[in-house]
Each structure stands twice: as C-alpha cells, then as structure tokens.
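# Secondary and tertiary structure notes
So you can see what is in the structure, the chains are spelled out below.
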Amino acid sequence: MIRLRTPLWAAAAVLASLLVAPPVQASAEPHTVTDFESATLPPGVTGWGNDAASTPTLTVTPADDRPGAAAGNRALSTVYTVSQWGGWSHDLTTAQDWSPYEGFSFWVKGAGTGQRVFFEVKDGGGGAGSAELFESSFTDDTAGWRQVSVPFADFTRRADYQPGGSPTDGELDLIAMWGYSMRLPAASSGTLLWDDVQVYGTAPPRPARLATDEPVYPVKERGSAEVRVSVSTATGGPLPSDLTVHYATGAGTATPGEDYTPAAGTLTFPAGTPSGTARSFLVRTKGDRDAEVAETIPILLSGEGVRPPAENPVVVIDAHGLPYLDERRPVRQRVADLLGRMTLEEKAGQMTQAERGALGSQNDIAAYLLGSLLSGGGSTPATNTPEAWADMIDGFQLRARQTRLQIPLIYGVDAVHGHNNVVGATIFPHNVGLGAARDPALTERTGKITAREVKATGVPWNFSPCLCVSRDDRWGRAYESFGEDPALVKRMATIIDGMQENGVLATAKHYVGDGGTTYGSSTTGNYTIDQGVTEVSRAELEAIHLSPFAEAVKREVATVMPSFSSVDSGDGPLKMHAHRELITDVLKGRLRFKGFVVSDWQAIDQIPGDYASDVRTSVNAGLDMIMVPYAYQEFVGALKAEARAGRIPMSRIDDAVARILTQKFEAGLFERPYADRSRLAEVGSPAHREVAREAAARSQVLLKNDGGLLPLDRDARVYVAGSNADDIGNQSGGWTITWQGSSGPITPGTTILSAIRKRAPSVTYSRDASAPLDGHDVGVVVVGETPYAEGQGDVGVNGRTLNLTGADRAAIDRVCGAMDCVVLVVSGRPLLLGDLSRVEAVVAAWLPGTEGDGVADPLFGAVPYTGRLPFTWFRGEEQVPINVGDASYDPLYPYGWGLRTDSGLDRLKKVRDRLLKGDGPAKAAAAALTPALRPGNWHPGGTIRSTAAVQSAAALLERSRSATFQQGDTVVSVARDAAQAAGKRFDLQARADHELASGDLSEAVELLARSAR
C-alpha cells in the first residue's frame, strides 16, 4: 500500500556518541565534522541503498596523495553499484550548532565521469532520521582530488523526499544539525574517496526573523483580521537594538477601498525586547450584496536588520453566496455548480495527491491548487502526538483557504490497524487476527474506534481496509488480509461501515488480485511476489479476488485503490493502474461504484512509457486521483498538457473531479475542514484499548492442546522465553509508527510478558532460555517474526523465510524439553514450526497489537479460546501455496481450525436462549436445538454425539433476519468440535468453514459431520 520510501540510513542505529557541539561563536577556523584517521569507520558512518547490491562498500583506506594532507592520511572509500538509490551518511547522536559558520566543505577524489552527485545536511527535528533535509550538489568532472565548498546560503530544501517527522518550516536554521549524507549517482557504478568533512568560514550576521501567528487569515465580509507579528533573534536572546517593522497591505485579488480598507504603519520593538515578542495590527474588510469567490489581501512586512517571513502572509475574504457553499442544497447540485466554476488548473489540482513531506513550501498547496495530501507510513509531525497531528493538518487546511474556490483538502493516512502512525494511539490486531476472530460485529467496532481516533486528529480519509484474498503465505502483505477465503474477507467488510458511519472515508484496496500474484513474478526491486503478476482465468479472478470489492461497493465504500500488481488472464500481464476494463468497465460500470479511484504510491510510474504516457494511460483507464506523491509539479503540468492536447478528454477529467468533490461534500469538509479536537482525549484511551484487548483475545487460535494444558493454572510458576515475549514493536508488526515497523518500545502498550506477570504469581523471564529451568510448572515460549511491510517481507527478500530463527528454535527445544510448555507464535502468517512432539500446546497469536493482555486472557482462562485459522497452516514449505478447496489438501492444520476451551453444551444453551428472542425462524431454530441439549447427546469429553438437531437448526437460521452471523457460527461450532476431535478429513473441515462464511450453515454442519465419521 502506501508508504514513505525511507532510505535505510534514516532508520540506522547510531553506534556511539560523537563530538561535543562546537561553541556557539563566530570563528574563521573550520570545524571538522568527520575525518577518517582511524583504521575503522567512525561511529555513525553507515552506507545505505534500496537493496543490498545498491548499498556501497565502505572502507577506510590510505590517502597520502590528497593535497595538503599529512603523511599517513586516510580517507573513506565508497565502492558502489547503485540501481535506484544508495549512498552513505554520518548521523550524529548529539546535535551540533553550525550557525557560526559560513558553509559546508569536503574533499572528494573523483573519476571525471561527469555525473552529478548530491549531498544534504540534516537540520532540526528529533534526530538524524527525522531532520529536515537541505541539499546541494557537485559534478564529478575531475579525475583526482578536489575540495567542494558550498555556502549554507546556497543549500535548498530537498523537494523529492523528506523523512517522517521532519520539520516543515523550510528554513535551514543550522542550530541543531544531525549530520549529512552523500547520495551516489543512480544507475551507475564506481569508486569515490571522501575526506575531511568540515564546516568552514564565519557566518554573516544573522538578522532578526519576522513571523506572523498565522500564514493565512480567513475573514468574512464586514469583518477584521488581527495580524500578529513577532520578532525573534538567531540566538534566542533579547533584541540588541531598537527595531521598527513596516507593514502594509499589498496587491491581491481583492480591490482596495471596495473590498477592504488599506492598512499601513509601523510596529516598534525597543532594544531589550525578548525574542518572540509580538505586536499586532488590523485589516478591515467591507461588504456588498454580491456572491463572490475568495479574494486575497497580501501583507507586506519589512524593516532594517530583519529577515521577512519565508512567504508573505495573506488575509482572505471568504467566498460567499455561491450555490456550492449552501449545505441545504443536494450534493449533486453543489458538485455541478462548483465544477462549472473550475478552471483546468483547479481541476488538475483536485486530481493531485502529494506527500506532506514533499512540499517545497506549504504555500504550494495554494500555488498548485492541490486537492489532497497524505502521510505515508512514518510521515508524521516532528512531535508525534495527536495534538501535533491536528495542528499539522489544520495548518494544511488553512493554506487551502487562500485559493479562489476554497475547496478543502482531503487528507489520507494508512490507519490499517488503528491510527498506527501516531505514538500512543490504539493499535489493533492486524487484519489476519481479525479474520481469525471470525466476528464481523467486532471488526466493525475496530473500524469505528479507528475512525474516531483518526477523525480527532483532523484526518477524514483512511487507506483501509485491504480486501485482498491472500493465497500465498510467502507474500509480505499476507497479514493485511483477513484470510485466504473470499467468503471470509467479504464478511469482514463490515469494517467499512465502522469507519464511514463515524465520519472517515474508507478505501477498498488493492483492486484487484494483489493477493494472488505468482511467486517470482515481481519486477519491483528485489521483491519476489509483492507487486507481481496474478495469473488467473477471468472466472477465478471474479470468484476469488473481485467478490470482496463487489461487497465493498454494496456498502458504498467511498474510494477504491488499484493494486501495484498486474493481471494476466491469458493475454499477457497488464498493470492494474492501466487496466481500463477492470477499473472503468467492471468497477465503475458493472459494479456501479460511485466513489473515486485513487492510485497507490507512485504507482503510475510503473506503467511502461514516459511520464506523460503514464499520466494519460492511468487517467484514461479510470483513475481519478493520483498519489504522486513527490512530483506534484510535474504531474499537474503533464495532466494539463495532456488535456489541452486532447489526449485526455475533458469529460474524463470532469468525471474524476466530480467524484472527488462528491466525497468531499459528503464528508462535510466544506463546512468542517478542521480537526474535531473534542475527541483528542479518546486517542489511545482505556475504553478504546479495551476493545483492542478483546480483539486480540478473540484472534488467538489454539492449534494444539495435549492433555488440556491450556488454560494455565493461575497459581502456576511460569518460565517465559522467546524473542517476542517482551517486545511491543514485534507484536504490533509492520505499519506501526513507521512503514516497516520496528522492534522495541515504539509506542505505549502491554507486552505479552508484562501481561503474564499480571496473572501468574511467579514468573521467570529469559529471552534465550539461558536462565535455570528448575522449579517451574510450565513454560511459555513466545516466538515468531520481526516487523516488515509489503515486498520487504516477501520470502526470499532480505533473508525472510517461513522458518523460526535458530534462537527461537533453541528456546523451544530447551524449555519444552524440561517442562510442560506452550508455544505462542507471533507472526503475520503461518510459519514452519518443526518437531512439536515435545510441545503440549501451540497458539497462533498473529500480530495482536499493543494490548498483550488480550494474549494472556485466554492463556489463563479469563476468556476461552475461540479463534480459527484464516489461513491454512502448511506442513512444509513445499506445500505453499495451499488453500481451502485445493484438489490436494493435507495441511498441518486446515483453514478454519481452532480448538476451543469452553463447553460446547454451555455455548449451545446460551445461543438457544438468545434465539428465542428473535424472529420466527430464529425461534424455530431454538426449538430444534432442544433435543441436542439432552445430556445423553454428549460424549464424556464434551463433544456432541449427533449433529442432526444442529443441522436442522442451522437450516432454519439461514432464513432468519434477526439471527446474527455470530449466533449461526456458534451453532455450527459444536459440530466443528466433534470434527476436530476426530482429526480426519481436513479438506471437509476447511470446506465447511468456507460454507459457513458463505451463509450455508446446514451444508457446513453436514461437511463437519462427514469429517467426524
């Protein structure tokens, strides 16, 4: 899905503390940031690249030949072969103050290739990985050593990429510098030597900086805007001398004297005034009876010894009296009126979605008339709090107010298991866990809570849910799927209702077939299956992959996102972003989808051809909004050029813009564009976390329970081991705080270990099981995967396999060889478990999120185990891919498998009593169940003897309008208990779960009864 393509250096761990920051004083003597005089790499110097081959080899080598170097001088050698991107960085653990210096310099030994080499410095933010990047470059036109020196005044903010959480002020402040990076030429190879990286010279005097409290001041007719002007010094100290600031209204689209009263004057700041002090003045607007678009009044600020704001603030007289602004009118009328007023430039802007970190200036929102912004995975405000998110997005919305028509932005995020970019938000189990829970109502509740947290921070649009049907466990996105069965995925589409009924637009993704790509077919980087080719007949594509999207359209999903992948139904592969038949003819035509289609992250670039061709092909195929995400200037220009040339019909552009505007009106953005801050306290609240805990508990699948080991005795002395026992990051998985996720305490939550400690009176924890094993009653070994997302989790990429690590395997062998034990598998997919002969119990815990209590609840019997496998659990890797319905089907555990620890008789009694309160068929089903409840119909082990009465009740429930899916599922569950106890005909058991999800309850009972014979 969507992500921020963060270079590896931005997430690299810094190895050690470096130099103390130089004193803050002007100095003509250069300050050395990095030298290479030791035999090894200096701490914090690392290489990075888009893959292993593109990551340069870094070594320290003798370099006596550098001009001016002392004998025995050393330099850094970078040997590289870069495909997409690669380079090296020096990341500092302590910020340095470079403001006393004029510029940045280094020595480089080139090869005279004529290639341009970019380098960047890291300014502000919380560290090297979240600093604002400012770049410059040199040309490798010298075969030999040269010194490159660039004044800081010549650096420009990097426009194609900014890391998540970086500042967005666009100012190279130099006060808190976190290092630098050297970006090696793409699609090339060679060797460059580097030496003596310095900051040099004496900085010219830095004037005081002017700023206003807002960049934009929207105001009604006959109103007034108060403009507050502040003055701040570079050092933060008081003003050294008197300062006079001149202000005046400038020439905008508003007419002076007619629309407003011109203003001009001075603001005085005496010597000694504290830095940051503000003074204010008023701009008064006039009124008439005419309906008008918005009009602008620029504010000009100047003064001796001051630096004006990076961009002039502006007062905006709001648009008023126009039909599209009348919320009493039908949406259709409002869209038609607004569309009829728009220029091609305004329409092109609405079809453009840019990544927030790509904005060269926030004023580009108005300059390019952008319709949408997004945060890719890990793209956050510098302070990652709910309040900071609301401030950031409200700030972006404010910029849209200065456009002529004041069309609000629609901001999107990947909140795929809660508002997962935000530290402290509620993190639910990933979709694989919700599929295991088999509860559409619970899934809808997770969507509701996600929407409430997302909406509170100002976000009205979520790139979720993923309705992919994952058919190969080697796929790095398997955990984003609710399961391998389209019938199950359709059931879980209730999450759309949970989001959209709570004010957040949902996105059905990735249309269509992304879960069915052939292993080895991907051409993206070193991916093996993600973004590959789905090789299926049209009948199979419709039955397996298209049906969940048909369900989403029935639920009036607001947006649909095509897949990166291609479809090949016999005529060769065609990228989904270019597939006019499936997007326009099928989705918008036959399925009657009324929302808009948004591209995936930079996905149109993967369509063969040049950029103009990519734009033309994708828009004509039916895409309405393009997630650029960085090249918004280029996209807007290409789209306008293609339209003016007639290669994209204006009717297609008008249809796209009308669809986008419809969703903006439906979402209430024209009336309420800003964050609903009344709900900020709900983000990560105890009430929300309690639902996440319930979802985690319901997602736990008990695969094996020899001797009834589970649930554990609350008085047991417990030995806990394994890599995933005490790690919030690992148990939350990818798409958590950052795109790929990461190990460690990345956000508040409860680890599985801490949850166990709440329940057991005696707990010993040893990650590698090296602590003594004596004196314990039971072992709990928590093993599995570390976080990943998308193709970086494909098997065969970056060492990813379906095997447990050697350390986890050793921990299992050691603990389970010494005592009764349970193995908890924390993973996004089934894994190869190996020999389980000495393991009494195994639980598939999936990726439960931040609420580890949900894992411990069924472990200790606070709630029963009720989850079922959403994926078939293979015996060996040679079986992969393996799915329900395969002609050859002999898994370790079948799709739908899940042992329960509650009484079948008790659960049947409870559901019978609930059905008595329903409609006629439900009451008849309750009556039919009565014979099944007789004690003689139950084996001593707790399984039912005859399922005849259960099958009759199931048939009646198929006709009921009041019975829920969960009630029918409970009725069928007693037949599953018997089938699992028999341990035969896994193919029939898997088919039964498919029939149950499809709504054929009586057939499900029949198949389970057959498998138990």
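Just so you know, these numbers come straight off a predicted model, no measurement behind them.

## Overview of the overall build of the protein
Scanning the protein from terminus to terminus reveals 24 helices and 38 strands. Here the C-alpha radius of gyration of the protein, 31 Å, is about what a compact globule of 1013 residues would show, namely 31 Å. By principal-axis analysis of the C-alpha atoms, the protein measures approximately 100 × 80 × 60 Å. Expressed as a percentage of its 1013 residues, the buried residues of the protein come to 61%. Long-range contacts, defined as pairs at least 24 residues apart, comprise 77% of the intrachain contacts of the protein with a sequence gap of at least 6. Summed over its atoms, the accessible surface of the protein is roughly 35,300 Å², and 50% of this surface lies on carbon and sulfur atoms. Positive and negative side-chain charges of the protein, numbering 96 and 119 respectively, have mean locations separated by a distance of 7 Å.

## Here we look at the pairing of strand β26 (residues 507–511)
For β26, the buried fraction is high: 5 of the 5 residues fall into the buried class. Relative to strand β28 (residues 559–562), β26 runs parallel, the two sharing 4 bridges. Within β28, the residue paired with K509 across the bridge is M561.

## Things to note about the sheet that holds β26
Spatial strand order, β26-β28-β31: 3 strands in an open sheet with parallel pairing. A single partner strand is all that each edge strand has here, and the edge strands are β26 and β31 (596–597). Inspection of the sheet shows β28 paired to β31 by 2 bridges, in the parallel sense. When the bridges of β31 are listed, T559 appears paired with F596. This element, helix α10 (residues 580–590), spans β26, β28 and β31 of the sheet and lies at about 140 degrees to β26.

## Side note on unusual backbone geometry
V512 follows Y511 through a cis peptide bond whose omega is -5 degrees. Checked against the element boundaries, V512 lands in the loop between β26 and β27 (533–535). Residue V880 is joined to P881 through a cis peptide bond whose omega torsion reads 0 degrees. The backbone of D196 shows a phi angle near 50 degrees, a positive value even though the residue is not glycine. Tracing the backbone shows D196 in strand β12 (residues 188–200). Here the phi dihedral of Q602 falls at roughly 55 degrees; this positive angle occurs in a residue that is not glycine. Structurally, Q602 is set in the loop between β31 and α11 (611–621).

## Examining the side chain of T517
Summarising the element assignment, T517 is placed in the loop between β26 and β27. Of the polar contacts made by the side chain of T517, one reaches the backbone oxygen of I529; its length is 2.8 Å. The residues touching T517, leaving out its near neighbours within four places in the chain, are I529, G532, V533, T534 and S565.

## Focus on the pattern of salt bridges
Per the counting criterion, the structure on display carries 64 salt bridges. The salt bridge partner of R652 is D624, with a shortest N-O separation of 2.5 Å. You can see R652 sitting in helix α13 (residues 650–666) and its partner D624 sitting in the loop between α11 and β32 (626–627), a full 28 residues away along the chain. The buried category is assigned to R652, whose relative accessible area is 11%. Several salt bridges share partner residues, and in doing so they unite E120, E135, R158, D160 and R183 into one network.

## As for the state of the cysteines
In the structure shown here, the tally under the stated rule is 1 disulfide. In this model, C816 is linked to C821 through a disulfide, with the two sulfur atoms separated by 1.8 Å. Residues C816 and C821 share a disulfide whose torsion about the S-S bond is about 100 degrees; that sign makes it right-handed. Assigned by exposure class, C816 and C821 land together as buried.

## Focus on helix α17 (residues 806–816)
What α17 keeps buried is the set D808, R809, A811, I812, V815 and C816. Axial view of α17: buried residues confined to an arc of 160 degrees, hence all on one face. More than 90 degrees from the buried face of α17, the exposed residues found are G806 and A807. Looking at the buried positions of α17, the neighbouring elements they touch are β34 (717–721), β36 (778–784) and β37 (821–826).

## Observations concerning the packing of helix α22 (residues 965–982) against helix α24 (residues 1001–1012)
The packing of two helices is summarised by the inter-axis angle and the distance between the axes. Closest axis-to-axis distance for the α22/α24 pair is 8 Å, and the angle between their directions is 15 degrees. Classified by the interaxial angle, the pair formed by α22 and α24 is roughly parallel. By crossing handedness, the relation of α22 to α24 is classed as left-handed. Two secondary-structure elements touch here, α22 through G968, V972, A975, R976, A978, A979 and A982 and α24 through L1001, A1004, V1005, L1008, S1011 and A1012.

## Describing the sheet that holds strand β18 (residues 277–284)
Sheet strands line up and pair through hydrogen bonds in the backbone, either parallel or antiparallel. Across the sheet, 4 strands lie side by side as β18-β15-β13-β20; this open sheet has mixed pairing. Each edge of the open sheet is held by one strand with a lone partner, namely β18 and β20 (306–307). Inspection of the sheet shows strand β15 (residues 224–232) paired to β18 by 8 bridges, in the antiparallel sense. The partner of V227 across the bridge, within β18, is F281.

## Observations concerning the packing of helix α19 (residues 904–915) against helix α20 (residues 920–929)
With their axes 8 Å apart at the nearest point, α19 and α20 run at an angle of 145 degrees to one another. As for the relative orientation of α19 and α20, their crossing is left-handed in sense. Side by side, α19 and α20 meet where L908, V911, R912 and L915 of the first sit next to A922, K923, A925, A926 and L929 of the second.

## Topic: the environment of I544
Here I544 lies in helix α9 (residues 538–554). Judged by relative accessible area, I544 falls into the buried class, the value being 12%. For the pair I544 and N620, spaced 76 residues apart in the sequence, the C-alpha separation amounts to 27 Å. Those residues in contact with I544, other than ones at most four positions away along the chain, are V469, R471 and P486.

## A short note on the environment of A862
When you line up the elements, A862 lands in the loop between α18 (853–859) and α19. A residue is classified by how much of its surface remains accessible, and A862, at 55% relative accessible area, is exposed. Along the primary structure A862 and R714 are separated by 148 residues, whereas in three dimensions their C-alpha atoms are 10.0 Å apart.

## Considerations on the side chain of T426
The residue T426 is located in the loop between β24 (410–413) and α5 (431–437) in this model. What makes T426 buried here is its relative accessible area of 1%. Reaching out from T426, the side chain makes a polar contact with the side chain of E453 at a distance of 2.6 Å. Look past the residues within four positions of T426 in its chain and what remains in contact with it is H417, G418, H419, E453, G684, S685, H688, R689 and A692.

## A short note on the packing of aromatic side chains
This structure, assessed with the given rule, holds 31 aromatic pairs. Ring centres of F119 and F155 lie 5.9 Å apart, and the angle between their planes is 75 degrees; on these two criteria the pair is classed as edge-to-face. Of the two residues, F119 sits in strand β7 (residues 116–123) while F155 sits in the loop between β9 (145–151) and β10 (156–157), which places them 36 residues apart along the sequence. When the ring centre of Y519 is taken as reference, the NZ or CZ atom of R474 above it lies at 4.2 Å.

## With respect to the pairing of β12
For β12, the buried fraction is high: 10 of the 13 residues fall into the buried class. Alignment of strand β1 (residues 31–34) against β12, held across 3 bridges, turns out to be antiparallel. Bridging from a neighbouring strand, H31 pairs with V199 of β12. As judged from the 7 bridges shared by strand β4 (residues 74–82) and β12, these two strands associate in the antiparallel manner. Residue pairing across strands places S77 opposite L193, the latter belonging to β12. Pairing analysis gives 6 bridges linking strand β6 (residues 103–109) to β12, with the strands arranged antiparallel.

## Here's the deal with the nonpolar core
In this structure, Y511, V780 and L859 are the most contacted members of the largest nonpolar core, which totals 201 residues. Broken down by element, this core gets its largest block of residues, 7 residues, from α13. The residues contacting Y511, other than those within four sequence positions of it, are L546, F549, V560, M561, P562, S563, M576, L582, I583, V586 and L587. Grouped together as the second largest cluster of nonpolar side chains are 34 residues, L905, A922, A978 and L1008 included.

## Regarding the confidence of the model for the protein
On average, residues of the protein score 95 in pLDDT, and 97% of them are at 70 or above. Here β20 stands out as the element of the protein with the lowest mean pLDDT, 91, in contrast to β31, whose mean of 99 is the highest. For residues 1–26, every residue scores under 50 in pLDDT, and the model assigns this stretch 99 contacts once sequence neighbours within four places are set aside.

So, how was this worked out
Residues numbered from 1 in each chain as written. Predicted model: local features only at pLDDT ≥ 70, side-chain atom pairs only at ≥ 80, totals over all residues. Heavy atoms only, no water. Helix = DSSP H or I, 4+ residues; strand = E, 2+ residues; numbered from the N terminus. Rg over C-alpha atoms; globule rule 2.2 N^0.38 Å. Buried < 20%, exposed > 50% of the residue type's maximum accessible area, 1.4 Å probe, protein only. Contact = heavy atoms within 4.5 Å. Areas by Shrake-Rupley, 256 points an atom, 1.4 Å probe, with all protein chains shown as cover. Lys, Arg positive; Asp, Glu negative; His and termini not counted. Charge placed at Lys NZ, Arg CZ, Asp CG, Glu CD. Pairing = 2+ DSSP bridges. Axes fitted to C-alpha atoms, helices over the stretch in contact; angles between N-to-C directions. Polar contact = N/O pair within 3.5 Å; in protein donor to acceptor, adjacent residues only side chain to side chain. Salt bridge = Lys/Arg side-chain N within 4 Å of Asp/Glu carboxyl O. Disulfide = S-S within 2.5 Å. Arc of directions from axis to C-beta. Parallel < 35°, antiparallel > 145°, perpendicular 65-115°, else oblique. Left-handed = near helix turned anticlockwise from the far one by under 90°. Phe/Tyr/Trp six-rings, centres within 6.5 Å; stacked < 30°, edge-to-face > 60°. Lys NZ or Arg CZ within 6 Å of the ring centre and 35° of its normal. Core = buried A, V, L, I, M, F, W, Y, C linked by side-chain atoms within 4.5 Å. pLDDT = per-residue confidence, 0-100.

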